[in-house]
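# Observations on the three-dimensional arrangement
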Amino acid sequence: MHAKYNNLFESLTFRNGITLRNRIVMAPMTTWASNDDYTVSEDEVKYYRKRVNGIGLVITGCTHVQPNGIGFTNEFAAYDDKFIPSLRKLADAAKSGGAPVLLQIFHAGNKALPDLTPNGDVVSSSAVETEATAFAPSVLPRELSHDEILEVILAFGETTRRAIEAGFDGVEVHGAHGFLIQNFFSPFYNRREDQWGGSMENRLRFPLEVVKVIKNTINKHATKPFIFGYRISPEEQGGYGMEEAYELIDRLVEQGLDYIHASLDDISSKPRGSEDGKTRLELILERVNGRVPVMAAGSMVTPDEVATALNKGLPLAAVGHALIMNPDWVKKVQNGKEDEIETVIKTSKVSELELPEKLWNIIQASGQWFKIKEE
């Protein structure tokens, strides 16, 4: 292995005592691969087993905590105890490489799919129409009542209990990408005038209550150290910016989480309106100031890109697309074969990647996430 990649393979110990063997995280990625009953499919099991060897920490794709929280087609579910055997199958596959594995839990909020939610009932912090995305149509969601908000919070706790029972080593709350938790934090999508909206303090209430119930669930049900992380988007199109994200970060740090995960489009991206200043990653690292480990995802494909981010002080690098294209990414870096790392998907080698058919179909249809080379 080239010496310049030594920092990728340094260990990291969380405050709860769990030690990761290196700084490389398998980023949470939706695979569109569940069975039609939302249980984990054999294709998904093969996908994880193919990619987890040598990784320091594995985070699964997201799973919805309530039936109306589904954000993607063929997204495996965790909202009922009947899914525990399915979740256990996923945990076993993801742990097969020897790294701890986290279940990423979320509620899609105003990005839920109307065709897959009971009675088409899409809910959010407020009834504010959404823009259409590649995965969800434009909808006018229904505003959640106070009692329904409490039910959602409890659902996050119950799903955490299921993660513990299924054998996961932790959970990551998905508070990013415009899903329900971000709907509440957003001054654009949250127009409420009760205790759940308006002021910064009120918009923080829902995220922090979710954190509180998960911490209580871990304390009650976990019999060994259990990792708890939280994913954020540092800025929102048409909504909050870095200054408000700092407030969220500070409050999350106060909760004693094991890490904060910054979802970035690119680790070199800069805040909107700033072309000459520091990157979002640099600003977040400065704000956190070592109080809790920071994880970041953002277009890191090559080991040089990962090493650069770690050299800037990033403790954990979440690698996603690189592992889709290179299931043995870690092994290639360790064996000094980084020049063999693919940055495009070659159609002649798709079968070797063991991609779920539905994921491969999405990749081809998107036309933007990956470069596909016909050969």
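Residues numbered from 1 in each chain as written. Predicted model: local features only at pLDDT ≥ 70, side-chain atom pairs only at ≥ 80, totals over all residues. Heavy atoms only, no water.

### Observations regarding the overall build of the protein chain
Rules: Going along the chain from the N terminus, every DSSP run of H or I of four or more residues is numbered as a helix, and every run of E of two or more is numbered as a strand. Radius of gyration here uses only the C-alpha atoms, and the compact-globule reference equals 2.2 Å multiplied by the residue count raised to the power 0.38. Three exposure classes are used, based on accessible area relative to the maximum for each residue type with a 1.4 Å probe and protein chains only: buried under 20%, partly exposed in between, and exposed over 50%. Throughout, a contact is declared for two residues whenever any of their heavy atoms are within 4.5 Å. Each accessible area is a Shrake-Rupley result for a 1.4 Å probe, and residues are judged covered by the shown protein chains and nothing else. Charged residues are defined here as Lys and Arg on the positive side and Asp and Glu on the negative side; His and the ends of the chain fall outside this count. Charge positions are represented by NZ for Lys, CZ for Arg, CG for Asp and CD for Glu.
Across its full length, the protein chain carries 12 helices and 14 strands. Computed over the C-alpha atoms, the radius of gyration of the protein chain is 20 Å, within 12% of the 21 Å expected from 2.2 N^0.38 for a compact globule of 375 residues. The principal-axis extents of the C-alpha atoms in the protein chain amount to approximately 60 × 45 × 45 Å. When burial is assessed residue by residue, the protein chain has 58% of its 375 residues classed as buried. Considering only contacts in the protein chain between residues 6 or more positions apart, those separated by 24 or more positions represent 70%. Here the protein chain has roughly 15200 Å² of accessible surface; of this, 45% comes from carbon and sulfur atoms. Treating the 41 positive side-chain charges of the protein chain as one cloud and the 52 negative ones as another, the clouds have centres 5 Å apart.

### Quick notes on the pattern of salt bridges
The cut-off we apply is this: What makes a salt bridge here is a side-chain nitrogen of Lys or Arg within 4 Å of a carboxyl oxygen of Asp or Glu, nothing more.
According to the stated counting rule, one finds 24 salt bridges in the structure shown. Among the ionic pairs, aspartate 304 bridges to lysine 4, the shortest N-O distance being 3.2 Å. Taken together, the residues aspartate 304 in helix H8 (residues 303-311) and lysine 4 in the segment before strand S1 (12-13) connect sequence positions 300 residues apart. Note on aspartate 304: relative accessible area 35%, which makes it partly exposed. Using a relative accessible area of 41% as the deciding quantity, one classes lysine 4 as partly exposed. In this structure, arginine 280 and aspartate 265 form a salt bridge, with 3.7 Å as the shortest nitrogen-oxygen distance.

### Here's the deal with the environment of serine 263
Spelled out, the test is: We call two N or O atoms a polar contact when they sit within 3.5 Å, provided that within protein one can donate a hydrogen and the other can accept it, with sequence-adjacent residues counted only if both atoms are side-chain atoms.
Checked against the element boundaries, serine 263 lands in strand S10 (residues 259-263). Sequence separation of serine 263 and alanine 297 is 34 residues, and the distance between their C-alpha atoms is 5.2 Å. A distance of 2.6 Å separates a polar atom in the side chain of serine 263 from a polar atom in the side chain of histidine 177.

### Observations regarding the nonpolar core
Test applied: Each nonpolar core is a collection of buried residues, namely Ala, Val, Leu, Ile, Met, Phe, Trp, Tyr and Cys, held together in the definition by side-chain atoms within 4.5 Å.
By size, the foremost hydrophobic cluster in this structure holds 112 residues, and its most contacted members are Leu8, Phe206, Ile214 and Trp329. Each residue touching isoleucine 214, except ones within four places of it in the same chain, is listed here: Ile105, Phe156, Thr160, Val171, Val173 and Phe228.

### Focus: the sheet that holds strand S9 (residues 227-232)
What counts here: When DSSP finds two or more bridges between a pair of strands, those strands are recorded as paired. Lines fitted to C-alpha atoms define the axes here, with helix axes fitted over just the stretch in contact, and angles between the N-to-C directions of these axes take values from 0 to 180 degrees.
Strand order in the closed barrel formed by eight strands is S3-S4-S5-S8-S9-S10-S11-S12, with parallel pairing between adjacent strands. Here the strands of the sheet are splayed against their neighbours by 25° on average, with no regard to which way each runs. Sheet analysis places strand S3 (residues 24-26) next to strand S4 (residues 57-64), joined by two bridges and oriented parallel. Each residue of the ladder has a partner; that of methionine 26, found in S4, is valine 58. Lying on the sheet, helix H1 (residues 42-51) is in contact with S3 and S4; it crosses S4 at an angle near 160°.

### Overview of helix H3 (residues 146-166)
To be explicit about the condition: A helix is expected to span 1.5 Å multiplied by its residue count minus one.
Taking 1.5 Å per residue as the helical rise, H3 with its 21 residues ought to reach 30 Å, and the 31 Å between its terminal C-alpha atoms agrees with that figure. Positioned one or two residues after H3, glycine 167 has a phi angle of 100°, which is positive.

Remember that the coordinates give geometry; whether it matters functionally is a separate question.
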